[in-house]
Amino acid sequence: ILFFSFGSIRIIPVVIIPLLVGLAWAFALVPALVGPLNIITVFLLLILFGMGIDYSIHLIRHFQKRLQSQPVEKALYLYR
């Protein structure tokens, strides 16, 4: 879906790798903060994935839109 949406294979690792690193950090901390995983805490993976993928897709789409009218340095700068 990412390939067809953005039209580039290079976008897939840009979206997926930060999300997987964030999920790894989250699940590394779950046993220390929550305790052992049960049926309810297992769904944390799905919730975090759904929230994280949405944010990264919007961020990349916004960057691509700004890249059409600005140089790379200006397009990378996030507005306030």
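Quantities reported herein were computed from a predicted structural model and do not represent experimental measurements. (Residues numbered from 1 in each chain as written. Predicted model: local features only at pLDDT ≥ 70, side-chain atom pairs only at ≥ 80, totals over all residues. Heavy atoms only, no water.)

Trainee: How do you make sense of the overall build of the protein chain when you look at a structure like this?
Mentor: Broken down by element type, the protein chain carries 5 helices and 0 strands. Secondary structure elements in the protein chain, listed N-terminal to C-terminal, are α-α-α-α-α. At 16 Å, the protein chain has a C-alpha radius of gyration far larger than the 12 Å of a compact globule built from 80 residues. Reported as C-alpha extents along the three principal axes, the dimensions of the protein chain are approximately 50 × 30 × 15 Å. (Helix = DSSP H or I, 4+ residues; strand = E, 2+ residues; numbered from the N terminus. Rg over C-alpha atoms; globule rule 2.2 N^0.38 Å.)

Trainee: I'm lost on a nonpolar patch on the surface in this one. Help?
Mentor: Where nonpolar side chains cluster on the molecular surface, the patch consists of Ile17, Val21, Trp25, Leu29, Leu33 and Val34 and spans about 670 Å² of accessible area. Within the element layout of this structure, leucine 29 appears in helix α2 (residues 11-33). (Patch = residues over 30% accessible without salt bridge, like charges linked within 9 Å, V, L, I, M, F, W, Y side chains within 5 Å. Areas by Shrake-Rupley, 256 points an atom, 1.4 Å probe, with all protein chains shown as cover. Salt bridge = Lys/Arg side-chain N within 4 Å of Asp/Glu carboxyl O.)

Trainee: Quick question: what am I supposed to make of the packing of aromatic side chains here?
Mentor: Given two aromatic rings, their pairing is described by the distance between the two centres and the angle made by the two planes. The tally for this structure, following the rule as stated, stands at 1 aromatic pair. Ring centres of phenylalanine 3 and phenylalanine 4 lie 5.3 Å apart, and the angle between their planes is 65°; on these two criteria the pair is classed as edge-to-face. (Phe/Tyr/Trp six-rings, centres within 6.5 Å; stacked < 30°, edge-to-face > 60°.)

Trainee: Please clarify how helix α4 (residues 44-67) should be interpreted in this entry.
Mentor: In an α-helix, one turn spans 3.6 residues, which is why side chains three or four residues apart end up on the same side. Between its first and last C-alpha, α4 extends 35 Å over 24 residues, near the 34 Å set by a 1.5 Å rise per residue. What α4 keeps buried is the set Ile53, Ser56, Ile60 and Arg66. Buried residues belonging to α4 abut α1 (2-6), α2 and α5 (72-76). (Expected span 1.5 Å × (residues − 1). Buried < 20%, exposed > 50% of the residue type's maximum accessible area, 1.4 Å probe, protein only. Contact = heavy atoms within 4.5 Å.)

Trainee: Mind showing me how you'd approach α2 here?
Mentor: Between its first and last C-alpha, α2 extends 33 Å over 23 residues, near the 33 Å set by a 1.5 Å rise per residue. Considered for burial, the residues of α2 that qualify are Ile11, Val15, Leu19, Leu23 and Val30. In this fold, the buried residues of α2 make contact with α1 and α4. At the C-terminal side of α2, glycine 35 shows a positive phi close to 110°.

Trainee: Honestly, the packing of α2 against α4 in this entry has me stumped. Any pointers?
Mentor: Packed helix pairs are specified by the crossing angle of their axes together with the interaxial distance, meaning the distance between the axes. Between α2 and α4, the shortest axis-to-axis distance is 10 Å and the interhelical angle comes to 145°. Between α2 and α4 lies a crossing of right-handed hand. Residues Ile11, Val14, Val15, Ile16, Leu19, Leu23, Ala26, Phe27 and Val30 of α2 form the contact with α4, whose participating residues are Leu44, Leu45, Leu48, Phe49, Gly52, Ile53, Ser56, Ile60 and Gln64. Taken together, the residues of the contact of α2 with α4 sort by class into 15 nonpolar, 3 polar and no charged. (Axes fitted to C-alpha atoms, helices over the stretch in contact; angles between N-to-C directions. Left-handed = near helix turned anticlockwise from the far one by under 90°. Nonpolar A, V, L, I, M, F, W, Y, C, P; charged D, E, K, R; others polar.)

Trainee: Can you help me understand the nonpolar core in this one?
Mentor: Note on soluble globular proteins: their nonpolar side chains tend to be buried together. Of all hydrophobic cores here, the largest spans 8 residues; its members are Leu2, Phe6, Ile11, Val15, Leu19, Leu23, Ile53 and Ile60. Listing elements by their share of this core, those giving two or more residues are α1, α2 and α4. The biggest single contributor to this core is α2, with 4 residues. The contact partners of leucine 2, leaving out residues within four places of it in the chain, are Gly7, Ile11, Ile12, Val15, Ile16 and Ile57. (Core = buried A, V, L, I, M, F, W, Y, C linked by side-chain atoms within 4.5 Å.)

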